[in-house]
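Here's the letter readout for the chains.
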Amino acid sequence: MIEVSRLTKRYRDLVAVDDLSFTVGKGEVVGFLGPNGAGKSTTMRILTGFLPATSGTARVAGFDVFEEPLEVKRRVGYLPEQPPVYDALTPRSYLRFCASLKGLPRQRVKDEIDRVAERTGVTAVMNRVIGNLSKGYRQRVGLAQALLGDPEVLVLDEPTVGLDPLQIREVRELVKSLAGRHTVILSTHILPEAAMTCQKVLVIHQGRLVDFDTVEGLIARHLPGRRVTLDDIAFLEEIYGKLVTAPPAVAEAAQGAA
Amino acid sequence: MRPVLAIARKELESYFTTPIAWVMLTVVAFFAALFFNGSLDAYRFVTLRAFQFQDPSLLERLNLTDMVVSRLLSTMAIFVVIVAPVLSGRLLAEEKRSRTFELLMTSPLRPVQIVLGKYLAALGVMAAAVAIVAAFPLVLTVASRGAGGGAGVEWQTVGTGLLGLFLFGAAAMSVGLLFSALTESVIVASLTSFIVLFTLWIATIFTVGVEGPVKDLVTALSASEHLNAFLAGRIELRDLVYYLSLTALGLYLAERTVEGHRWA
């Protein structure tokens, strides 16, 4: 569903994404892990057609994001790092606006707005002005926007930022329920979240891919012989620490050896 | 077309839910009233004098439309130069600053749809401003009577004048939209488009003491020169072409700038 090949993004001297290649199959939920500035957001912006790559290609649902941006954008729901909401609008008028931008059939708009509001838990604030909402609600209104029209692919940049623990759990359940029918890429700093919601984890460090595997695969490779359950979440912290504190060369060797 | 209208509607909503459109329309209404009163007083004074001296040639040249309405319209054109940059500066710059530009750019839209939607809303506010100005000759029509007993205001001349004012406003908004597409800062967008529009408006100042083709060129580029025929009741092709091509140029470059975001 998503094929990224030798993707590189340079800003003058800074290399934000460096020769990144990976594929995500249909219905998979993939977590992007990496320190701040690792290139997670940049990769997501390229996948959604907001930024061009310096070199390399990215294909979403069979369409090249640069050559056929409209085809890609029709199939992708995107929640940027900062929820792209208008402070002057209410969530209802905001979602109606987004539905028109996405070209949803008119007669479906009302039901669709109610559906995504229900799923993201913003039904109670639908008629308040977004500028007066808490960070968590703004984030969820942004998430509701990404879900509008039930797109095949969802790209969520830190969807749980600003949410309280209970809301985080709700969003986690939401993402899990999307698996199978939707292909989801989400970035997060919260490691347990990746372990609990994602089938695969992709670790980026300094713009490079340092590992990409299923959670079980990561455990087998980096903590050989350790028996872990999902309740025991410290293991991922350990693996993550190994991957992003090691100099890239070592990490690469580890990847090569694997 | 539907996304274009959706963007225009949202934009109009935010124009009128924030004070910006109200403030600018109030500025237009206030100064239009001020200048309307002023030129009406001047007209009354000149008329009284003309009667006092029983000067038939002066009386013949007295004309309510030319002396009051056309003068009002040409003064209000200066306010277009002031109001249009303030109204248009935020159109795209604000989206970039509040990160909602990312929403527009990752929705299945063509850049031309974004630009047209924004422009349509700006045009709506400009139409409202021109409508406010149009209220003054309307009042005059109700309150005045011509020499022949008919209306004292020649609506053909007023109509072309209002059309000229609106066309100039439309061109000014498209210039403002272009500068708004070029920057993230609303203030920078408003200021640069103001400088450009102001320069176009006073361009003939630069022709003082200059002769030949340079003078012709500068005069041809002057935004105020092209308004004169409209104010005198004539629609001339070269003036139409001037305002419409300025509008088209602004919109085209704005569209290219938005498309350029996808490339860098």
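Located above this text is the structure these notes cover.
One structure accompanies this document, and this report is about it. (Residues numbered from 1 in each chain as written. Chains lettered and ligands numbered in written order. Predicted model: local features only at pLDDT ≥ 70, side-chain atom pairs only at ≥ 80, totals over all residues.)

Looking only at helices and strands, chain B has twelve helices and zero strands in total. Taken from the N to the C terminus, the helices and strands of chain B come in the order α-α-α-α-α-α-α-α-α-α-α-α. Across the 264 residues in chain B, those meeting the buried criterion constitute 43%. The long-range share in chain B, meaning contacts at least 24 apart out of those at least 6 apart in sequence, stands at 79%. (Helix = DSSP H or I, 4+ residues; strand = E, 2+ residues; numbered from the N terminus. Buried ≥ 20, exposed ≤ 12 C-beta atoms within 10 Å, placed from the backbone. Contact = placed C-beta atoms within 7 Å.)

Let's shift gears to the packing of helix 3 (residues 91-101) of chain A against helix 4 (residues 106-120) of chain A. Residue and element names in this part refer to chain A. Following both chains from N to C, one finds helix 3 and helix 4 inclined at 120°, their axes separated by 10 Å at the closest point. By the angle between their directions, the pair helix 3 and helix 4 is classed as oblique. In this structure, helix 3 meets helix 4 at a crossing whose hand is right-handed. Facing R92, L95, R96 and A99 of helix 3, the residues of helix 4 in contact are V109, E112, I113 and V116. Residues that form the contact of helix 3 with helix 4 fall into these classes: five nonpolar, no polar and three charged. (Axes fitted to C-alpha atoms, helices over the stretch in contact; angles between N-to-C directions. Parallel < 35°, antiparallel > 145°, perpendicular 65-115°, else oblique. Left-handed = near helix turned anticlockwise from the far one by under 90°. Nonpolar A, V, L, I, M, F, W, Y, C, P; charged D, E, K, R; others polar.)

What follows covers the packing of helix 8 (residues 155-182) of chain B against helix 9 (residues 186-201) of chain B. All names here are of chain B. Relative orientation of the contacting elements helix 8 and helix 9 amounts to 140°, with a least axis distance of 8 Å. The angle between helix 8 and helix 9 falls in the class oblique. Of the two elements, helix 8 crosses helix 9, and the hand of that crossing is right-handed. Residues A172, V175, G176, F179 and S180 of helix 8 form the contact with helix 9, whose participating residues are A189, T192, S193, V196 and L197. Of the residues in the contact of helix 8 with helix 9, the class split is six nonpolar, four polar and no charged.

This part is about the pairing of strand 7 (residues 153-157) of chain A. The side chains of a regular strand alternate between the sheet's two faces. Residues and elements named next belong to chain A. The element strand 7 is extensively covered by neighbouring structure, given that five of its five residues are classed as buried. Of the two faces of strand 7, both are covered, the one formed by V153, V155 and D157 as well as the one formed by L154 and L156. Of the pairings in the sheet, the one linking strand 6 (residues 76-79) to strand 7 comprises four bridges and is parallel in character. Across the sheet, the residue bridging to V76 is V153, located in strand 7. Strand direction decides the pairing type here: strand 7 and strand 8 (residues 183-187), joined by five bridges, are parallel. (Pairing = 2+ DSSP bridges.)

Here the focus is the pairing of strand 8 of chain A. Residues and elements named next belong to chain A. Counting buried residues along strand 8, five of its five residues qualify, which places the element largely inside the surrounding structure. A two-sided burial pattern is seen for strand 8, the buried positions comprising T183, I185 and S187 on one face and V184 and L186 on the other. In this sheet, strand 8 lies alongside strand 3 (residues 29-33) in parallel orientation, the contact comprising four bridges. By the bridge assignment for strand 8, F32 is matched with S187. With respect to chirality, the unit in which strand 7 leads through helix 6 (residues 165-178) into the neighbouring parallel strand 8 is right-handed. (Right-handed = clockwise from strand over helix to strand, strands pointing away.)

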